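Chain residues, written in single-letter form:
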Amino acid sequence: DAGVIQSPRHEVTEMGQEVTLRCKPISGHDYLFWYRQTMMRGLELLIYFNNNVPIDDSGMPEDRFSAKMPNASFSTLKIQPSEPRDSAVYFCASSLRPWGESEAFFGQGTRLTVV
Amino acid sequence: AQSVTQLGSHVSVSEGALVLLRCNYSSSVPPYLFWYVQYPNQGLQLLLKYTSAATLVKGINGFEAEFKKSETSFHLTKPSAHMSDAAEYFCAVSTGFQKLVFGTGTRLLVSP
């Protein structure tokens with residue numbers, strides 16, 4: 001397996017624009033996680049899915065953020081409208097089981113810059 | 001709720017020297033503990049994890065960590081640093097049924 005694949009690797013957008021980040025988890029993994037990494041706040045869990053169903057989105061910062069998982073091999077994180085404070089690295093991760101029962105594999109991340 | 005504290009945002013060592021990265025945790029129930037490494041422009045990679053088996057856990061690339069319940073610590077060590085070890089290291093805790101909580105990270109700098 002090629003691992004968790006995220007696209008794009010880098011995204012630069014203007015404030016107010018819609019941004020969509022994409023993730024392909026490892027085949028067979030039932031859990032998918034979206035994290036955000038910033039210097040100020042470190043790594044934060046935004047939302048996670050189990051079998052394509054969102055389980056906990058309490059980490060999503062605002063209504064401007066939304067995530068979907070239409071099938072087992074694809075997930076998106078959308079920000080609309082984007083703001084400069086959304087600039088961060090966004091990671092997707094997947095695992096067989098949650099919370100350390102099995103290893104979580106991370107993608108390489110999407111570095112988002114909102115100007 | 002569980003939490004981890006990593007002491008020192010930066011640690012500098014010389015090549016060949018001992019690496020010691022500190023992590024203390026807080027958890028009301030027996031925890032799962034992890035160390036992840038992040039190389040520049042990469043995602044996180046699991047180095048090792050503790051899940052209530054042996055207290056001394058060996059990981060990849062020669063790293064190991066010891067779970068000390070009395071000290072609520074899970075420090076990461078490597079006997080001899082290599083230039084390729086330069087990266088950011090994250091300690092994380094979970095109770096197995098609650099989300100992983102990451103520390104703020106420690107950047108390891110290795111000088112020749």
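Please refer to the structure placed before this passage.
Treat the numbers as computed from the prediction; the structure is a model and nothing was measured.

### A word on the interface of chain B and chain A
Inference 1: Taken together, the contact between chain B and chain A spans 18 residues of the former and 17 residues of the latter.
Inference 2: With both chains or domains summed, chain B and chain A bury close to 1,500 Å², and 54% of this area falls on carbon and sulfur atoms.
Inference 3: On the chain B side of the interface with chain A, the three residues burying the most area are Leu44, Lys99 and Phe102 of chain B, jointly 28% of the side's total.
Inference 4: Between the two partners, chain B and chain A, sit zero salt bridges.
Inference 5: The set of elements that each furnish at least two residues to the side of chain B that touches chain A consists of strand E4 (32–38), strand E5 (44–50) and strand E9 (87–94) of chain B.
Inference 6: No other element matches E4 of chain B, which puts four residues into the side of chain B that touches chain A.
Inference 7: When the residues that make up the side of chain B that touches chain A are grouped by side-chain class, the tally is nine nonpolar, seven polar and two charged.

### Focus on the state of the cysteines
Inference 1: One pass over the full model with this rule turns up two disulfides over all chains.
Inference 2: There is a disulfide in this structure between cysteine 23 of chain A and cysteine 92 of chain A, and the S-S distance comes to 1.9 Å. Its torsion about the S-S bond being -65°, the disulfide of cysteine 23 of chain A and cysteine 92 of chain A is classed as left-handed. Taken together, the positions of cysteine 23 of chain A in strand E3 (residues 19–24) and cysteine 92 of chain A in strand E9 (residues 88–95) put the pair 69 residues apart, joining distant regions of the chain.
Inference 3: The disulfide partner of cysteine 23 of chain B is cysteine 91 of chain B, and the S-S distance across this bridge is 1.9 Å.

### Topic: the side chain of serine 82 of chain A
Residues and elements named next belong to chain A.
Inference 1: Within the element layout of this structure, serine 82 appears in the loop between strand E8 (74–79) and E9.
Inference 2: Owing to a relative accessible area of 1%, serine 82 belongs among the buried residues under this scheme.
Inference 3: Of note is the side chain of serine 82, whose polar atom sits 3.4 Å from the backbone oxygen of glutamate 14.
Inference 4: In terms of polar contacts, serine 82 uses its side chain to reach the backbone carbonyl oxygen of glutamine 17, at 2.7 Å.
Inference 5: Residue contacts for serine 82: discarding those within four places in its chain leaves Thr13, Glu14, Met15, Gly16, Gln17, Val19, Arg64 and Val114.

### Focus: the environment of valine 37 of chain B
Residue and element names in this part refer to chain B.
Inference 1: Mapped onto the fold, valine 37 is located in strand E4.
Inference 2: Classification of valine 37 as buried rests on a relative accessible area of 1%.
Inference 3: Remark: the alpha-carbon pair of valine 37 and leucine 48, spanning 11 residues in sequence, is separated by 9.6 Å.

### Side note on the sheet that holds strand E1 (residues 3–7) of chain B
Residues and elements named next belong to chain B.
Inference 1: The sheet built from five strands is open, its strands ordered E1-E3-E8-E7-E6 with antiparallel pairing. A strand with exactly one partner marks an edge of an open sheet, and here the two such strands are E1 and strand E6 (56–58). Across the sheet, the axes of successive neighbouring strands diverge by a mean angle of 20°, strand direction being ignored.
Inference 2: The pairing of strand E7 (residues 64–68) with strand E8 (residues 73–78) spans five bridges and is classified as antiparallel. Bridge assignment links glutamate 64 to a residue of E8, and that residue is threonine 77.

Here is what the cut-offs are and how they apply
All residue numbers refer to position in the chain's written sequence, counted from 1. In the order they appear in the text, chains get letters beginning with A and ligands get numbers beginning with 1. With pLDDT at 70 or above as the cut-off, local features in this predicted model cover only qualifying residues; side-chain atom pairs require 80 or more to be listed or tallied, and sums for whole chains, interfaces and linings still use all residues. Derived side-chain values reflect all non-hydrogen atoms in the structure, with water molecules and hydrogen atoms excluded from consideration. Any pair of residues with heavy atoms lying within 4.5 Å of one another is described as a contacting pair. Throughout, buried area stands for the accessible area (probe radius 1.4 Å) lost by two parts on being put together, summed over both. Only one rule defines a salt bridge in this text: a Lys or Arg side-chain nitrogen within 4 Å of an Asp or Glu carboxyl oxygen. Each helix corresponds to a stretch of at least 4 residues labelled H or I by DSSP, and each strand to a stretch of at least 2 residues labelled E; elements are numbered beginning at the N terminus. By the convention adopted, Pro, Cys, Tyr, Trp, Phe, Met, Ile, Leu, Val and Ala count as nonpolar, Lys, Arg, Asp and Glu as charged, and the other residues, Gly among them, as polar. By convention in this document, the label disulfide applies to cysteine sulfur atom pairs within 2.5 Å. Buried means the residue's accessible area, taken with a 1.4 Å probe over protein chains only, is under 20% of the maximum for its type, while exposed means over 50%, and partly exposed covers the values in between. We call two N or O atoms a polar contact when they sit within 3.5 Å, provided that within protein one can donate a hydrogen and the other can accept it, with sequence-adjacent residues counted only if both atoms are side-chain atoms. A strand pair is defined by DSSP finding two or more bridges across the two strands. To obtain each axis, a line is fitted to C-alpha atoms, and for helices this fit is confined to the stretch in contact; angles are then taken between N-to-C directions over 0 to 180 degrees.

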